[in-house]
Each structure stands twice: as C-alpha cells, then as structure tokens.
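Observations on the three-dimensional arrangement
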Amino acid sequence: MSEMMRGPRMAFPSLTSGVKALLLINVAVFLANAILGGELNDWFAVSVNGLADGYGLGVFRLLTSQFSHSYTDIGHILGNMLVLYFFGTMVESEVGRRGIVKLYLASGFTGNFVQLPFMAAMGSADVQCLGASGACFGIMVYAAVMAPSARVW
C-alpha cells in the first residue's frame, strides 16, 4: 500500500538538548516544590510586591517564576511541558540550543512584564505569578511564524 493511501503518519519529534534541559529543570523544580509542600512558590513566584523584597530574590523572581508551577495543579505543568516538547523541538531545530533557551527566557520575562501591570491595576499586587505559560506561548508563536502551514496533530 502506498504512503498516500495510508494517510499521514503521526510521530513524536526527537527530543532536542535545549528542550530536554528546560523540561528537566521544570520537572525537577515541580517535584522539589511538591516534596516541600509548596515552599518554593514563596521563594520563586513573582508578584508586584515581591519584586522589591523577599528572601533576597526580588527581581530575580522574574526568572525563577518561569520554572515554578503550582504543585497541586499537575495539569498546568503538563500542558506547559507538552507545548514545550512539541513546539520547542520544532523551534530548536531552527534556532539551536542557545536560541531556544534565550527564546524561552525572553518569552517568560515578557509574559511576566505583561501580567504584572494588569495585576497591579486590578489591586492584586500580592497575587503570585508563576509557571512557564508565557515562555511556552512565546515558543508556540515563534513556531507558528516559522512554519505557518505546519500541521500539528
């Protein structure tokens, strides 16, 4: 039977080194946070008020928040890591290992900078912002611009 008659094949992309490193860091922080009962969120999550203080991290939380997820919501990290795996491997093949890490971090910073003013305007200066959603969204947008006709199964 010819390939055309069988239809498209579904295949998982090969895991690239940059995406693998980002996945491992996210999962390790998630597991450590779960073991510690959410203590890492107090250290790693970013909030409007938390930028100026808190365990000496302050502005550094713009970075750490990208790797910390709610330990009670496995769906959040699972969704983010699936996006990172499928779209990140596609993007890394184009931009390389350093490029995917830079895009992840830049997109995460951008997500935080967009979210924080909204939180402040709504009077939610103490609400913690955490997770890789901004970083993963940036990677997904980059993939869509890079290959607008690509099929994603």
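Now for a look at the structure at hand. Owing to the predicted nature of the structure, the values given are computational and were not obtained by experimental measurement.

Moving on, we come to the overall build of the protein. Within the protein, the regular secondary structure consists of six helices and zero strands. Of the regular secondary structure in the protein, the N- to C-terminal order runs α-α-α-α-α-α. Principal axes of the C-alpha set define a box for the protein whose edges measure 65 × 30 × 30 Å. Expressed as a percentage of the 153 residues in the protein, the buried residues total 37%. Contacts in the protein between residues at least 24 apart in sequence constitute 75% of all its contacts with a sequence separation of at least 6. Of the roughly 9,000 Å² of accessible surface on the protein, 66% is carried by carbon and sulfur atoms. Taken as two groups, the 8 positive and 8 negative side-chain charges of the protein have centres that lie 17 Å from each other.

Aromatic rings in a pair are described by how distant their centres are and how their planes are angled relative to each other. Per the counting criterion, the structure on display carries three aromatic pairs. Here Phe-12 and Phe-86 contribute two aromatic rings whose centre-to-centre distance is 6.0 Å and whose plane-to-plane angle is 35 degrees, an arrangement assigned as tilted. Note that Phe-12 is positioned in the loop between α1 (3-6) and α2 (17-35) and Phe-86 in helix α5 (residues 74-121), a separation of 74 residues in sequence. Judged by relative accessible area, which is 68%, Phe-12 ranks as exposed. Taking relative accessible area as the criterion, Phe-86 reaches 29% and is therefore assigned partly exposed. Each residue in the set Phe-12, Tyr-85 and Phe-86 is aromatic and connected to the rest through ring pairs, giving one cluster.

The subject of this paragraph is the side chain of Thr-64. For Thr-64, the location among the structural elements is in helix α4 (residues 61-64). Within polar-contact distance, the side chain of Thr-64 engages the backbone oxygen of Phe-44 at 2.9 Å. Every residue in contact with Thr-64, bar those within four places of it in the chain, is listed here: Trp-43 and Phe-44.

The next thing to look at is the nonpolar core. Grouped together as the largest cluster of nonpolar side chains are 21 residues, with contacts concentrated most on Met-81, Leu-84, Val-91, Tyr-104 and Ile-139. Contributing elements (two or more residues each) for this core: α2, α3 (39-44), α5 and α6 (133-146). In terms of residues, this core owes the most to one element, α5, which gives eight residues. Filtering out sequence-adjacent residues up to four positions away, Tyr-104 remains in contact with Leu-22, Asn-26, Gln-66, Phe-67, Leu-84, Ala-132, Ala-135 and Ile-139. Counting five residues, the second largest nonpolar core, distinct from the first, contains Val-46, Leu-62, Leu-116 and Met-119.

The next subject is the packing of α2 against α5. Where α2 meets α5, the closest approach of the two axes is 7 Å, and the angle between their N-to-C directions is 145 degrees. Judged by the twist between their axes, the crossing of α2 over α5 is right-handed. Along the contact surface, α2 presents Ser-17, Gly-18, Val-19, Ala-21, Leu-22, Leu-23, Asn-26, Val-27 and Phe-30, while α5 presents Ile-74, Ile-77, Met-81, Leu-84, Tyr-85, Gly-88, Thr-89, Glu-92, Arg-97, Ile-100, Val-101 and Tyr-104.

For α2, built from 19 residues, the straight-helix expectation of 27 Å at 1.5 Å per residue is met to within 8% by its first-to-last C-alpha distance of 27 Å. Looking only at α2, the buried set comprises Gly-18, Val-19, Leu-22, Leu-23, Asn-26, Val-29, Phe-30 and Asn-33. Along α2, the residues classed as buried sweep out an arc of 135 degrees about the axis, all on the same side. In this structure, α2 carries Leu-24 and Ile-35 as exposed residues pointing more than 90 degrees from its buried face. Looking at the buried positions of α2, the neighbouring elements they touch are α3 and α5. Just downstream of α2 lies Gly-37, where phi reads positive at about 65 degrees.

Conventions and cut-offs
- Residues numbered from 1 in each chain as written.
- Predicted model: local features only at pLDDT ≥ 70, side-chain atom pairs only at ≥ 80, totals over all residues.
- Heavy atoms only, no water.
- Helix = DSSP H or I, 4+ residues; strand = E, 2+ residues; numbered from the N terminus.
- Buried < 20%, exposed > 50% of the residue type's maximum accessible area, 1.4 Å probe, protein only.
- Contact = heavy atoms within 4.5 Å.
- Areas by Shrake-Rupley, 256 points an atom, 1.4 Å probe, with all protein chains shown as cover.
- Lys, Arg positive; Asp, Glu negative; His and termini not counted.
- Charge placed at Lys NZ, Arg CZ, Asp CG, Glu CD.
- Phe/Tyr/Trp six-rings, centres within 6.5 Å; stacked < 30°, edge-to-face > 60°.
- Polar contact = N/O pair within 3.5 Å; in protein donor to acceptor, adjacent residues only side chain to side chain.
- Core = buried A, V, L, I, M, F, W, Y, C linked by side-chain atoms within 4.5 Å.
- Axes fitted to C-alpha atoms, helices over the stretch in contact; angles between N-to-C directions.
- Left-handed = near helix turned anticlockwise from the far one by under 90°.
- Expected span 1.5 Å × (residues − 1).
- Arc of directions from axis to C-beta.

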